[in-house]
Amino acid sequence: MSVAYDPNNIFAKILRGEIPCEKLYEDEDTLAFMDVMPQAEGHLLVIPKLGARNILDVPPEVLSSLILRVQKLARAAKAGMGAEGVTIIQFNEPAAGQTVYHIHFHVIPRWEGIALRPHSGKMADSATLKAHADKIRAALAADA
Ligand code: AMP
């Protein structure tokens, strides 16, 4: 049996505007924003507006539209950051490394020979996050 969704998780608070984020993209169903503890430059997160804990309970139609947004953000992150590749990660439940219980996909730009930094490691400064977000937003605008 899946665990109930907790509407007080940090991404639910971001969706309600109770805490800030470096927003990249928003539509009726989706929000994308910079990860505050990036594992590589340009690391971002894509979440649905609907509250679901993870892949185990998310409704299929929400997951379907979410993965299309993940593709859009992956393309923009790669182009905007001038990356050579993109890693997509998605964790489910604590044993698998999930720390925030609102389903999200990690989109992480990659370069040959540059290893990922630790998951939920060090906070990035807001100026750096904004500079990277500006590049990704420009790539999204060019794609529109
Ligand atoms: P996980 O649930 O393990 O897939 O990872 C949660 C991710 O959310 C981590 O990569 C954190 O760095 C990131 N994170 C936690 N709090 C925030 C926040 N307030 N804004 C943006 N990213 C966050």
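Notes on the structure in this doc start here. Treat the numbers as computed from the prediction; the structure is a model and nothing was measured.

Conventions and cut-offs
Residues numbered from 1 in each chain as written. Predicted model: local features only at pLDDT ≥ 70, side-chain atom pairs only at ≥ 80, totals over all residues. Heavy atoms only, no water. Helix = DSSP H or I, 4+ residues; strand = E, 2+ residues; numbered from the N terminus. Expected span 1.5 Å × (residues − 1). Buried < 20%, exposed > 50% of the residue type's maximum accessible area, 1.4 Å probe, protein only. Arc of directions from axis to C-beta. Contact = heavy atoms within 4.5 Å. Near = heavy atom within 4 Å. Polar contact = N/O pair within 3.5 Å; in protein donor to acceptor, adjacent residues only side chain to side chain. Areas by Shrake-Rupley, 256 points an atom, 1.4 Å probe, with all protein chains shown as cover. Nonpolar A, V, L, I, M, F, W, Y, C, P; charged D, E, K, R; others polar.

### Let's talk about helix α3 (residues 126-143)
Reasoning step 1: Over its 18 residues, α3 extends 25 Å from the first C-alpha to the last, a length consistent with the 26 Å expected when each residue adds 1.5 Å.
Reasoning step 2: Those residues of α3 that fall on the buried side of the exposure criterion are L129, H132, A133, I136, A139 and L140. Projected onto a plane normal to the axis of α3, the buried residues spread over an arc of 120° and lie on a single side. Exposed and facing more than 90 degrees away from the buried side of α3 are A127, A141 and A142.
Reasoning step 3: Those residues of α3 that are buried lie in contact with β1 (23-26), β2 (30-34), β3 (44-48) and α2 (60-81).

### Details of the site of the ligand
Reasoning step 1: By nearness alone, 18 residues border the ligand, and D35, G97, H104, H106 and H119 come closest of all.
Reasoning step 2: For the ligand, an oxygen atom lies 2.6 Å from a polar atom in the side chain of H104.
Reasoning step 3: H119 has a polar side-chain atom sitting 2.5 Å from an oxygen atom of the ligand.
Reasoning step 4: Compared with its free state, where it exposes 510 Å², the ligand has 93% of that area covered by protein.
Reasoning step 5: Here the shell around the ligand takes three residues from helix α1 (residues 10-15), the largest share from any one element.
Reasoning step 6: Along the lines of polarity and charge, the residues of the shell around the ligand split into ten nonpolar, seven polar and one charged.

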